[in-house]
Amino acid sequence: PAGSIVGSSQERIVQIKARMARPEDFRSIIVARRGNTAVTLGQVARIEDGQQEEESIALINGRRALSIDIVKAQGENTIAVVDGVRRAVQEMAPLLPPDVKLEMVRDASTGIRNSVADVKKTLVEGALLTVAIVFLFLASWRSTVITGLTLPIALVGTFLFVYALGFTLNVLTLMALSLSVGLLIDDAIVVRENIVRHVAMGAGHREAALIGTREIGLAVLATTFSIVAVFLPVGFMGGIIGRFFHQFGLTVAAAVLISMFVSFTLDPMLSSIWHDPQAEGKRGRVLGWFHERVERLSQRYERLLAWSLAHRKSVLAIAAAAFFGSFPLMALVGSEFVPEADLSELQVQFKTPVGSSLELTQAKAEQAEAALREFPEVKHTYATVNTGAVQGKNRVNIFVQLKPRGERSRSQDKLTQPMRERLGRIAGIELTQIGAYKTVTSGKPVQVSILGQDRAVLADLARQVQEVMRGIPGAVDLESSDEANKPQLALELKRELASDLGIGVAQLAGTLRPLLAGEAVGNWRAPDDQFYDVQVRLSRANRARAADLERVPLASSRSDANGAPRMVTLREVAQVRESAGAQQINRKEQLREVLVSANAFGRPAGDVSADLKRGLERIKLPAGYRFSMGGSTKDMQESLHFASQALVLAVVFIYLILASQFGSFLQPAAIMMSLPLSLIGVVLALLVARSTLNIFSIIGFIMLMGLVTKNAILLIDFVIQSRRAGLERRAAILKAGSVRLRPILMTTLAMIFGMLPLALGLGEGAEQRAPMGQAVIGGVITSSLLTLVVVPVIYSYLDDLALWLAKAFGKLSRSAAGNA
């Protein structure tokens, strides 16, 4: 619009109509005049309605495609985002041309959904096994119902807590509930078993409920608070492990507190009003054989306990041997940050020689995709070049979707080596990554940063580090950030001659940039109201060789005889020569960095890193240069630091709780002797299951601090009550062993079978979570076996110490009174 014409009766807008209606109209634009002759754009340029030059490529099963990678915003839910994208795809499908197909090639929510479904299944299986154990011991369906009601009430009640804190039902919160299944019913088991014992002794139902609950109440409080004391520090750890297990720790703590409340209220109430003939000893014959075996076991345990009290030093020697013997075995357990889960997805990355064209890299990507699809386990492949986190026209990233786990004969991990060997036969590529997509990672698991100033020295050190890595078993997919220099053409300006001809550096750059890189000089609105960039650039044929560059004409600031700018070719004012330059320069801690990294195959990443550390010690570093370990090694060290803090806090809290509950500083020490006895079980379980020390097994070990004290608390609490009733110490200990063996066996087996589905790791992605269940089960088994014998012995020693201290202080006080 250029204004308006206003008449006496009408106003009209003046609008300049100069817009190009079609791309062909650009040919008629007059760009110059030579005398009386007009020079049009069509005479000096080729006008093309086409696409921008390709800088990236996407391939699906070897065919070209247009791909869109959608990344969720921070704090958003992956499943909700994926469901939204799926709805959008369905809505768009009818609007697309018939020859265009829109489909999702990768869905990050699949692994999450499968893992959540597996944890739900594990939760149900664990609950059923736990209830079966209760029925096996109590031999009464009514007692089983009374005890088992704790499970659904505690689980549903925990959902309210999860909602109130803004958590979601994810893998970690559901895993917390799955692990808690064996714990949630423990308090109810102990309470109900004690009530049933009093009924069998002749008490009425109401009286038995009151006496039984009151008698066991202190022990139940102590065990529950001990578990809470463990999981609260876990919920507030720092670092990656803290973010990972925040919801896990708080969810378990809430579930256990709710279960304690139910065991103190609902269970005694139902026990007082629901008559159960089987609780009075009127059991059926089906489970008679099992209960006879439990009675025989109780008698044998009582004899073993009597022998242990008579041979206290031998018992302590066996316990010490078990504890200290676990340390040499610990060296056989490998370490890693997070176990690799089989989620039916693989990531393959490789690179072609530096300076490779997009066309060459595409050809290699097609070869690699075809090679990967030779494996029957592969469902489809999705390859990209120069996109996302993998930048560079010589770099390829391939997503490999495998068939579901149940349809494959080989696991995801076992497929990586055959694929690595097959891709290694493709000439002209260097494989840098093949493995699972890692959700919690800092890159490749094995990393070492070489820090210094001089690039040549760093390159030499990087070469030495790579030689060390090649000699380490299990180190694969080696990669260095110090890559070959990228080929360049250097223009060296002949300054004096260029000045005489009226050419400057800024003028040279201003001319070359739009010709070589291209420059958007405006935009054109098409008839469909879409805007397109109008870009000026030399054709690819005129910028393919160095000679083409030398022929580029430059407009001089000097004029010719006609007054027009004098034209000078680039070869007259500059020399073009071949050169090379660094592709990238990394900096870390205010120094230049070369990062050398590798994957681990066939061995835990922690073992490979340990070998690498020893190898690095043999490399002589110049002054001002140093190594810095990174990757999962650094993550593991950080996690161990925060986990150790949580462990120390848990032990301190447990001691304070026990000291306050029992009103003694010495008796909690006897109970806490069950803590180190669990270490041998953890180590043996991980060795048998061929698992590693990772963040899941570490959390499992911390969990044990709260779990293994339960049996000791039940024993010592009964001993204290019996001695208050007038029994001698040895008789009180033997009676405690006889009476408390049954609830100890019940709670121990309930925990073991409740966690068994998790420990077996049979579901989708369960390999990641299984070490936690394995560590807990191993620790519970050994600590329970040793606790039943060792804790009473230690209690007797501490009781002797208390008596000696009482006599010593008594003598001192009488002596002081006599002197006064």
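These numbers come from a predicted model, not from an experiment. (Residues numbered from 1 in each chain as written. Predicted model: local features only at pLDDT ≥ 70, side-chain atom pairs only at ≥ 80, totals over all residues. Heavy atoms only, no water.)

Undergrad: Looking at this structure, how should I read the side chain of His 198?
TA: Within the secondary structure, His 198 is located in helix α7 (residues 186–200). Residues contacting His 198, with those up to four places away along its chain left out, are Ala 203, Ala 208, Ile 211, Gly 212 and Glu 215. (Helix = DSSP H or I, 4+ residues; strand = E, 2+ residues; numbered from the N terminus. Contact = heavy atoms within 4.5 Å.)

Undergrad: How should the pairing of strand β20 (residues 591–600) be read in this particular structure?
TA: Moving residue by residue along a regular strand, the side chains alternate between the two faces of the sheet. Burial analysis of β20 places 7 of its 10 residues in the buried class, which makes it a mostly covered element. In terms of strand pairing, strand β11 (residues 446–452) meets β20 through 7 bridges, oriented antiparallel. Opposite Leu 451, over in β20, you have Glu 593 as the bridge partner. The pairing of strand β12 (residues 475–480) with β20 spans 4 bridges and is antiparallel. In the strand pairing of β20, Ala 475 is matched with Ala 600. (Buried < 20%, exposed > 50% of the residue type's maximum accessible area, 1.4 Å probe, protein only. Pairing = 2+ DSSP bridges.)

Undergrad: How should the pattern of salt bridges be read in this particular structure?
TA: Opposite charge on two side chains permits pairing when their charged atoms draw close. Counting across every chain of the model gives 37 salt bridges. Residues Arg 769 and Asp 118 are paired through a salt bridge, measuring 2.6 Å at the closest nitrogen-oxygen approach. Here Arg 769 is found in helix α26 (residues 766–819), whereas its partner Asp 118 is found in helix α3 (residues 109–138), with 651 residues between them in sequence. Each member of the pair, Arg 769 together with Asp 118, is buried. Linking Asp 611 and Arg 614 is a salt bridge whose minimum nitrogen-to-oxygen distance equals 2.2 Å. Here Asp 611 pairs with Arg 614, and both are found in helix α19 (residues 605–616), just 3 residues apart, close to one helical turn. Assessed through its relative accessible area of 47%, Arg 614 is described here as partly exposed. Ionic contacts of the salt-bridge type, sharing partners, join the residues Arg 312, Arg 723, Arg 729, Asp 799 and Asp 800 into one network. (Salt bridge = Lys/Arg side-chain N within 4 Å of Asp/Glu carboxyl O.)

Undergrad: How should the sheet that holds strand β5 (residues 57–60) be read in this particular structure?
TA: Strand pairs in the sheet, formed through backbone hydrogen bonds, run parallel or antiparallel to each other. Pairing within the open sheet is antiparallel, and its 6 strands lie in the order β6-β5-β8-β9-β7-β10. Lying at the two open borders of the sheet, with one neighbouring strand each, are β6 (63–64) and β10 (430–435). Where β5 meets β6, 2 bridges bridge the pair, whose relative direction is antiparallel. Residue pairing in the sheet places Ile 60 in a bridge with Arg 63 of β6. Across the sheet, helix α13 (residues 412–423) is in contact with β7 (345–351), β8 (378–385), β9 (395–402) and β10; its angle to β10 comes to roughly 165 degrees. (Axes fitted to C-alpha atoms, helices over the stretch in contact; angles between N-to-C directions.)

Undergrad: Honestly, the nonpolar core in this entry has me stumped. Any pointers?
TA: The nonpolar side chains of a soluble globular protein tend to be buried with one another. Met 175, Phe 245, Phe 248, Ile 699, Met 703, Leu 707 and Met 772 are the most contacted members of the largest nonpolar core, which has 124 residues in total. Broken down by element, this core gets its largest block of residues, 15 residues, from helix α25 (residues 729–760). The residues touching Met 703, leaving out its near neighbours within four places in the chain, are Leu 179, Val 230, Phe 231, Phe 248, Met 755, Met 772 and Val 776. Core analysis: the second largest hydrophobic core is formed by 25 residues, Ile 57, Leu 59, Ala 368 and Leu 423 among them. (Core = buried A, V, L, I, M, F, W, Y, C linked by side-chain atoms within 4.5 Å.)

Undergrad: Hey, could you run me through the packing of aromatic side chains in this one?
TA: Centre distance and the angle of the planes are the two values used to describe a pair of aromatic rings. For the structure on display, the rule yields 10 aromatic pairs. With 5.0 Å between their ring centres and 70 degrees between their planes, Phe 323 and Phe 324 make a pair best called edge-to-face. Owing to a relative accessible area of 24%, Phe 323 belongs among the partly exposed residues under this scheme. Grouping aromatic residues by their ring pairs yields a cluster made of Phe 231, Phe 244, Phe 245, Phe 248 and Phe 696. Above the face of the Tyr 797 ring, Arg 312 is positioned so that its terminal group lies 4.0 Å from the ring centre. (Phe/Tyr/Trp six-rings, centres within 6.5 Å; stacked < 30°, edge-to-face > 60°. Lys NZ or Arg CZ within 6 Å of the ring centre and 35° of its normal.)

Undergrad: How do you make sense of the environment of Val 116 when you look at a structure like this?
TA: Inspection of the secondary structure assignment puts Val 116 in helix α3. Distance from Val 116 to Leu 169, taken between C-alpha atoms, is 8.3 Å for residues 53 residues apart in sequence. Once residues lying within four places of it in the same chain are set aside, the contact partners of Val 116 are Asn 170, Val 171 and Leu 174.

Undergrad: Mind showing me how you'd approach the side chain of Lys 364 here?
TA: Topologically, Lys 364 is positioned in helix α12 (residues 358–372). Buried charge without a partner: Lys 364 forms no salt bridge, and the closest opposite charge is Glu 366, 10 Å away. A distance of 2.8 Å separates a polar side-chain atom of Lys 364 from the backbone oxygen of Ala 427. (Lys, Arg positive; Asp, Glu negative; His and termini not counted. Polar contact = N/O pair within 3.5 Å; in protein donor to acceptor, adjacent residues only side chain to side chain.)

Undergrad: Is there a simple way to think about the packing of helix α4 (residues 141–148) against helix α5 (residues 150–164) in this case?
TA: The relative placement of two packed helices is expressed as an angle between their axes plus a distance between the axes. In contact at an axis separation of 5 Å, α4 and α5 are set at 10 degrees when each is read in the N-to-C sense. Between α4 and α5, the interaxial angle falls into the category roughly parallel. Facing α4, whose interface residues are Ile 146, Thr 147 and Gly 148, α5 presents Thr 150, Leu 151 and Pro 152. Residue composition of the contact of α4 with α5, grouped by class: 3 nonpolar, 3 polar and no charged. (Parallel < 35°, antiparallel > 145°, perpendicular 65-115°, else oblique. Nonpolar A, V, L, I, M, F, W, Y, C, P; charged D, E, K, R; others polar.)

Bear in mind that shape data such as this cannot, by itself, settle questions of function.
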